[in-house]
Amino acid sequence: MQFCIRKVRKDDAAILAYIQTTSWKSAFKNLIGDDDLESMTNLDRVTAMYSRILNENKWNGYIGELDGKPHCMAWWDKARDDDLSQCAEIICIHSLPDNWRKGFGSKMMDTLIADILKAGFHTVILWVFTENERARRFYEAKGFVATDRVKSLLGTTEICYMKEI
């Protein structure tokens, strides 16, 4: 299998939406309520969101392609929390479930960290559903540490993870 990572392009909205919604349906089906999951995985709504983000040239997005086909995606930017503005934030990292646990997420994370460091940030945060043990193990294996910061989202809680780079 050949895997390569590229920056997102203006015409990637449908690809990004497909990866995110497919990932959410598998990863979060037992973490958030059915109505929230259905709303958050509405392909038209998510495609429109990515079209807007791409047109505004917001954030720093990447797509990972496996054998020439989109498999994973990720975004980062300056942290959205005012008191963490000196940090970068990994806003999302998603992959299609048929190739989970094969190292592609690690390669994507390594690309993000290198890009974040190149941009001059030395601390990176991310938010993850507290009950998402699979993702938490992944982030911990990549050197992220849980903080005491939590917030409510979609009827559950998210915890903030942090890493010095």
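Please refer to the structure higher up on the page.
Please read all numbers here as calculations on a predicted model, not as lab measurements.

(A) Quick peek at the pattern of salt bridges. Counted by the stated rule, this structure contains 6 salt bridges. Across the pair D12 and R6 runs a salt bridge, and its minimum N-O distance is 2.7 Å. Across the pair, exposure class does not vary: D12 and R6 are buried alike. Note that R6 is salt-bridged to E65, the shortest N-O span being 3.1 Å. With R6 in strand 1 (residues 3–7) and E65 in strand 2 (residues 60–66), this pair connects stretches of sequence that are 59 residues apart. Among the residues examined, R6 registers a relative accessible area of 14% and is labelled buried.

(B) Molecular detail of the sheet that holds strand 1. Pairing is mixed across the open sheet formed by 7 strands, whose spatial order is 1-2-3-4-5-7-6. The outermost strands of the open sheet, each flanked by one partner alone, are strand 1 and strand 6 (145–153). Along the sheet, successive strands turn relative to each other by an average axial angle of 25 degrees, direction set aside. The pairing of strand 3 (residues 69–78) with strand 4 (residues 88–95) spans 7 bridges and is antiparallel. By the bridge assignment, W75 is partnered in strand 4 with C92. Docked against the sheet, helix 1 (residues 13–27) engages strand 2, strand 3 and strand 4, running at close to 95 degrees with respect to strand 3.

(C) Expanded view of the pairing of strand 6. Sheet analysis places strand 6 next to strand 7 (residues 156–164), joined by 6 bridges and oriented antiparallel. Pairing of V150 across the sheet is with I159, part of strand 7. Where strand 6 hands over to strand 7, the hairpin turn is made up of 2 residues, of which L154 adopts a positive phi near 50 degrees.

(D) Region of the structure containing helix 1. Taking 1.5 Å of rise per residue, the 15 residues of helix 1 would be expected to cover 21 Å, and the 21 Å separating its terminal C-alpha atoms lies within 8% of that figure. Inspection of helix 1 places A13, L16, A17, I19, Q20, T21, S23, W24 and A27 among the buried residues, and these make up the whole buried set. Looking at the buried side of helix 1, the elements it contacts are helix 2 (34–40), helix 3 (43–55), strand 2, strand 3, strand 4 and helix 5 (133–141).

(E) Representation of the nonpolar core within the structure. With 24 residues, the main nonpolar core has W76, I90, M109, L126, Y139 and F144 as its most contacted residues. For this core, the secondary structure elements donating two or more residues are strand 2, strand 3, strand 4, helix 4 (104–118), strand 5 (123–129), helix 5 and strand 7. Of the residues forming this core, the biggest block, 6 residues, is contributed by helix 4. When neighbours within four sequence positions are excluded, I90 is seen to be in contact with W75, W76, M109, L112, I113, I116, V124, I125, L126 and F144.

(F) Quick peek at a negative patch on the surface. A cluster of acidic residues, D34, D35, D36 and E38, forms a negative patch at the surface. You can see D35 is positioned in helix 2.

(G) A look at the packing of helix 1 against helix 3. Contact geometry for helix 1 and helix 3: axes closest at 8 Å, N-to-C directions at 130 degrees. What the angle tells us is that helix 1 and helix 3 run oblique. In this structure, the crossing between helix 1 and helix 3 has a hand that is right-handed. Listed contacts from helix 3 to A13, A14, L16, A17, Y18, Q20 and T21 of helix 1 are L43, V46, T47, M49, Y50, S51 and L54. Residue classes in the contact of helix 1 with helix 3 are distributed as 10 nonpolar, 4 polar and no charged.

What counts as what
Residues numbered from 1 in each chain as written. Predicted model: local features only at pLDDT ≥ 70, side-chain atom pairs only at ≥ 80, totals over all residues. Heavy atoms only, no water. Salt bridge = Lys/Arg side-chain N within 4 Å of Asp/Glu carboxyl O. Buried < 20%, exposed > 50% of the residue type's maximum accessible area, 1.4 Å probe, protein only. Helix = DSSP H or I, 4+ residues; strand = E, 2+ residues; numbered from the N terminus. Pairing = 2+ DSSP bridges. Axes fitted to C-alpha atoms, helices over the stretch in contact; angles between N-to-C directions. Contact = heavy atoms within 4.5 Å. Expected span 1.5 Å × (residues − 1). Core = buried A, V, L, I, M, F, W, Y, C linked by side-chain atoms within 4.5 Å. Patch = residues over 30% accessible without salt bridge, like charges linked within 9 Å, V, L, I, M, F, W, Y side chains within 5 Å. Areas by Shrake-Rupley, 256 points an atom, 1.4 Å probe, with all protein chains shown as cover. Lys, Arg positive; Asp, Glu negative; His and termini not counted. Charge placed at Lys NZ, Arg CZ, Asp CG, Glu CD. Parallel < 35°, antiparallel > 145°, perpendicular 65-115°, else oblique. Left-handed = near helix turned anticlockwise from the far one by under 90°. Nonpolar A, V, L, I, M, F, W, Y, C, P; charged D, E, K, R; others polar.

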